[in-house]
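Notes for the structure review
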Amino acid sequence: MKITCASLLIAAISGAQAFTSPHNARATTHLAVKQSDLDGAQNMIDGILKEKNCGPVFVRLAWHDSGTHDCSITQEWPKAGGAIGSIRFDPEINHGANAGLAGAVNLLEPVKEEYPDVSYADIFQMASARGIALAGGPEIDMKYGRVDATSPDQCSPEGNLPDAEAGPEGKFGGAGGTASTEDPAAEWHLRKVFYRMGLGDEDIVALSGAHTFGRAYADRSGLGAEKTKFTDGTVTKLADGSTTDKYTPGGSPWVEDWLVFDNSYFTTIDDASTDEELLKLTSDKILFKDAGFKPFAEKFAESKDAFFESYARSHKALSELGSKFEDIE
């Protein structure tokens, strides 16, 4: 059964009530893009990923661009936000949740310069999908031809993205953004955020699994250590079984092999015997406690294939939120 945006929002609100326990990028429009340009852009992105092992930050960039979407907004595009490339503009790039992402935009600027007809929105989403695929994750059935937002006036308001931990007053989220995401319970805060996008419980759990890939930094999210034994500049494992020390040291990972995309997040979060330096945030642990989330979390812990199938579907949906597409030549 297809769940509408309105019903998801109502479910999140009613469930929460019942719960007791300065980046200055070019402002270009999207032009008709050729498949050969998309192929060339992908080749360039693959080269950047292999040289710098920066897949995790590209995933975060793409998600934070698309994750602003509010499916209840029916005004003319791009008012509802989403994967429209607006994250490259100030003020959006300087929102608190986007700390550190200006550097990711800068890494992708050469791709835009070489292939100007490929939109920023497409480049950001392509970099995320390729980062996951090259790290051993699923090949995602991506759609391209997105039209770019053209000015800072088209940025979404701050406050649409999820919190991993409660604030000083014991609440997750806030009253800002296009709709309040504030809630004392992590599970209902997550639902308010993702239901607003038009996504559901399975999407929340599947997308959370991408924390298997990357690290949290105290100077970006306010979470994580300065460095751990897994991120101190010593070698870490890659998807092909080789190792590398070509990464910027620092931060805290959720899993030991944090440059490999697999289902380790789910096998680690609910295991009390794992290394104490690995992150286990409130928004992670709730996936194995909430009755709606737990069946998916347990399923993904048991089967990487099941996780990849759900993840690829949810990632594709997230990557297309709010997008306006033009035909590819």
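Residues numbered from 1 in each chain as written. Predicted model: local features only at pLDDT ≥ 70, side-chain atom pairs only at ≥ 80, totals over all residues. Heavy atoms only, no water.

Considering the packing of aromatic side chains
Per the counting criterion, the structure on display carries 12 aromatic pairs. Pairing Tyr120 with Phe124 gives two aromatic rings, centres 5.9 Å apart and planes at 45°, and the pair type is tilted. Of this pair, Tyr120 and Phe124 both sit in helix α5 (residues 120-134), four residues apart, roughly one helical turn. Summarising the burial analysis for this pair, Tyr120 and Phe124 share the class buried. Consider the rings of Phe261 and Tyr311, whose centres lie 5.0 Å apart with planes at 55°: the pair is tilted. Of the two residues, Phe261 is situated in the loop between β4 (252-253) and α8 (264-269) and Tyr311 in helix α11 (residues 304-319); the sequence distance between them amounts to 50 residues. Grouping residues by exposure puts Phe261 and Tyr311 together as buried. Through a chain of ring-to-ring contacts, three or more aromatic side chains come together here, namely Phe213, Phe261, Tyr265, Phe266, Phe300, Phe307, Phe308 and Tyr311. Positioned above the aromatic ring of Phe325 is the side chain of Lys143, whose terminal nitrogen or guanidinium carbon lies 4.3 Å from the ring centre. Over the ring of Tyr217 we find Arg220; its NZ or CZ atom is 4.2 Å from the centre of that ring. (Phe/Tyr/Trp six-rings, centres within 6.5 Å; stacked < 30°, edge-to-face > 60°. Helix = DSSP H or I, 4+ residues; strand = E, 2+ residues; numbered from the N terminus. Buried < 20%, exposed > 50% of the residue type's maximum accessible area, 1.4 Å probe, protein only. Lys NZ or Arg CZ within 6 Å of the ring centre and 35° of its normal.)

So, the nonpolar core
Core analysis: the largest hydrophobic core is formed by 75 residues, its most contacted members being Phe58, Leu108, Phe261 and Tyr311. For Phe58, the residues in contact, after removing those within four places along its chain, are Ile48, Leu49, Ala104, Leu107, Leu108, Phe124, Ala127 and Ser128. (Core = buried A, V, L, I, M, F, W, Y, C linked by side-chain atoms within 4.5 Å. Contact = heavy atoms within 4.5 Å.)

Quick look at the environment of Glu139
On the secondary structure map, Glu139 appears in the loop between α5 and α6 (186-197). Classification of Glu139 as exposed rests on a relative accessible area of 61%. The sequence separation of Glu139 and Ile87 amounts to 52 residues, and the corresponding C-alpha distance is 25 Å.

A closer look at the confidence of the model for the protein chain
Averaged over every residue, the pLDDT of the protein chain is 92; the share at 70 or more is 91%. With pLDDT under 50 throughout, residues 6-30 is counted as low confidence; its partners more than four residues away or in other chains account for 60 contacts. (pLDDT = per-residue confidence, 0-100.)

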